[in-house]
Amino acid sequence: MPRPAGPLEGRVVVVTGAAQGIGLAVAHRFAQEGAAIAMVDVDGPRLREAAAQIQAIGAPVLECVSDVAQAQALQEAAEATRARLGPCDVLVSNAGILLRGALDEPSSLANWRRTLAVNLDGCFHAALAFSSQLRETRGCIVNVASIHAFVAVRNSVAYTASKGGVKQLTQALALELGGDGVRVNAVAPGITETDMTEGTRRDPEALSAFLERVPLRRTVLPADVAHAVHFLASDQAACITGVTLPVDGGYCAI
């Protein structure tokens, strides 16, 4: 029996960092409503497994093994997306890394450069590569920032700076692209139950100290973030642009 048409049938959604965690949850959320999904990730084997999950839903899927830190790789992903699925309607820039360490550690400079290249340059590269398609579809961008776009954290100078940059990039792109009908927003998750935060979540003292500041006293599920991304990309958010929306259980309310 053919799959019933969903409300996003015919739409094309591009998700970076789509092989796991928040990116995979976002791909699931949009695929369940009938969208075609272009999944971008640097980890080929893991991306293949994730793409199989999305295909099992019945959604058209394109796998793009790409490092978002490389502008040309994103340009090639954009060309492949148009050729295989059609022009992009929704771009979700989620790819990110977290390299912790003190400022004066030997790896500090390398960590800074790699973190900014993935977390901040990656969002810019994706916006640049897909901007012509988004103008054509009058689509939207949703970047994935972090609560640390608002609040700094120790031993994570590069990560904090990169996510602050994503917030400001989101606002700048909203101004740049708004005249063409393209909306640009971001989500700012708190500690989310993904591989990236496993160390903190397995440390009872660190987790307890963090949750003391969270009014809802809970961590964030990848699906929580995916629902927020879906809202910002939907027609219900048609007059919302330039916003970075915390998805944090209230962490930023304090």
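Residues numbered from 1 in each chain as written. Predicted model: local features only at pLDDT ≥ 70, side-chain atom pairs only at ≥ 80, totals over all residues. Heavy atoms only, no water.

Where an unreviewed UniProt entry is consulted, the chain appears under the name NAD(P)-dependent dehydrogenase (Short-subunit alcohol dehydrogenase family), with the organism given as Pseudacidovorax intermedius. According to its UniProt record, the chain has this under Sequence similarities (unreviewed entry): "Belongs to the short-chain dehydrogenases/reductases (SDR) family." (UniProt positions renumbered as here; feature names shortened; annotations may be inferred.)

Draft legend 1. A look at the overall build of the chain. Across its full length, the chain carries eight helices and seven strands. In terms of C-alpha radius of gyration, the chain reaches 17 Å, essentially the compact-globule figure of 18 Å for 254 residues. Taken across its 254 residues, the chain has 53% of its residues classed as buried. Put simply, 73% of the contacts in the chain that link residues at least 6 apart link residues at least 24 apart. When the accessible surface of the chain is totalled, it reaches about 11700 Å², and 54% of it is carbon and sulfur. (Helix = DSSP H or I, 4+ residues; strand = E, 2+ residues; numbered from the N terminus. Rg over C-alpha atoms; globule rule 2.2 N^0.38 Å. Buried < 20%, exposed > 50% of the residue type's maximum accessible area, 1.4 Å probe, protein only. Contact = heavy atoms within 4.5 Å. Areas by Shrake-Rupley, 256 points an atom, 1.4 Å probe, with all protein chains shown as cover.)

Draft legend 2. Helix α4 (residues 108-137), seen in detail. In a regular helix each residue adds 1.5 Å, so 30 residues correspond to 44 Å; α4 covers 41 Å between its end C-alpha atoms and thus fits that length. Maximal helix bending in α4 amounts to about 55°, located at serine 131. (Expected span 1.5 Å × (residues − 1). Bend = angle between axes of the 7 residues up to and from the residue.)

Draft legend 3. Fine view of a nonpolar patch on the surface. The grouping of Leu103, Leu109, Trp112 and Val157 at the surface amounts to a nonpolar patch, some 410 Å² of accessible area in total. Considering the arrangement of structural elements, one finds valine 157 in helix α5 (residues 157-177). (Patch = residues over 30% accessible without salt bridge, like charges linked within 9 Å, V, L, I, M, F, W, Y side chains within 5 Å. Salt bridge = Lys/Arg side-chain N within 4 Å of Asp/Glu carboxyl O.)

Draft legend 4. Just the layout of surface pockets, in detail. Of the voids in this model, the largest pocket is the one considered here, and its volume is about 980 Å³. Of all the secondary-structure elements, those providing two or more residues to the lining of the largest pocket are α1 (21-31), β2 (36-41), α4, α5 and α7 (204-211). Of the residues contributing to the lining of the largest pocket, the split by class is 21 nonpolar, 14 polar and eight charged. Here the second largest pocket defines a volume of roughly 190 Å³. Looking at the second largest pocket, it is lined by 13 residues, and the ones nearest its centre are Arg11, Arg138, Gly139, Ala233 and Asp235. Considering only residue class, the lining of the second largest pocket consists of four nonpolar, four polar and five charged. (1 Å grid on protein atoms, 1.4 Å probe; cavity = no way out; pocket = protein on both sides within 12 Å on 5 of 7 lines; lining within 4 Å. Points joined across faces, edges and corners; volume = space filled by probe spheres on them. Nonpolar A, V, L, I, M, F, W, Y, C, P; charged D, E, K, R; others polar.)

Draft legend 5. Representation of unusual backbone geometry in the model. A positive phi angle is found at arginine 138, which is not glycine, with a value near 50°. Given the relative accessible area of 56%, arginine 138 is considered exposed. At asparagine 155, a position not held by glycine, the phi torsion is positive, near 60°. Here asparagine 155 shows up in the loop between β5 (140-144) and α5.

Draft legend 6. Broad picture of the nonpolar core. Judged by nonpolar contacts, the single largest core of 35 residues is most densely connected at Phe30, Ile37, Met39, Ile54 and Val187. The leading source of residues in this core is α1, at seven residues. Every residue in contact with valine 187, bar those within four places of it in the chain, is listed here: Val142, Asn143, Val144, Ala145, Ser146, Val225, Ala228, Val229, Leu232, Thr244, Leu245 and Val247. (Core = buried A, V, L, I, M, F, W, Y, C linked by side-chain atoms within 4.5 Å.)

Draft legend 7. Expanded view of the sheet that holds strand β6 (residues 183-189). Strand order in the open sheet formed by seven strands is β3-β2-β1-β4-β5-β6-β7, with parallel pairing between adjacent strands. Looking at which strands have only one partner, the edges of the open sheet turn out to be β3 (61-65) and β7 (244-247). With strand direction ignored, the average angle separating the axes of adjacent strands in the sheet is 15°. Each of β2 and β3 touches helix α2 (residues 44-57); the most contacted strand, β3, lies at about 170° to it. Docked against the sheet, helix α3 (residues 71-84) engages β1 (12-16), β2 and β3, running at close to 165° with respect to β3. (Pairing = 2+ DSSP bridges. Axes fitted to C-alpha atoms, helices over the stretch in contact; angles between N-to-C directions.)

Draft legend 8. How the structure looks around the pairing of β2. Of all six residues in β2, six are buried; the element is thus mostly enclosed. Residues of β2 alternate between two faces, with Ala36, Ala38 and Val40 on one and Ile37, Met39 and Asp41 on the opposite face, all of them buried. Two strands pair when backbone bridges link them, and β1 and β2 are joined in this way by five bridges, in the parallel orientation. The residue of β2 that forms the bridge with valine 12 is alanine 36. Between β1 and its parallel partner β2, the chain crosses via α1, and the hand of that crossover is right-handed. (Right-handed = clockwise from strand over helix to strand, strands pointing away.)

Draft legend 9. Quick look at the state of the cysteines. Evaluated as defined, the whole model comprises zero disulfides. Free cysteine cysteine 123: the closest other cysteine sulfur is in cysteine 88, separated by 14 Å. Residue classification places cysteine 123 among the buried residues on the basis of a relative accessible area of 3%. Among the cysteines around cysteine 140, which has no disulfide bond, cysteine 88 carries the closest sulfur, lying 8.2 Å off. (Disulfide = S-S within 2.5 Å.)

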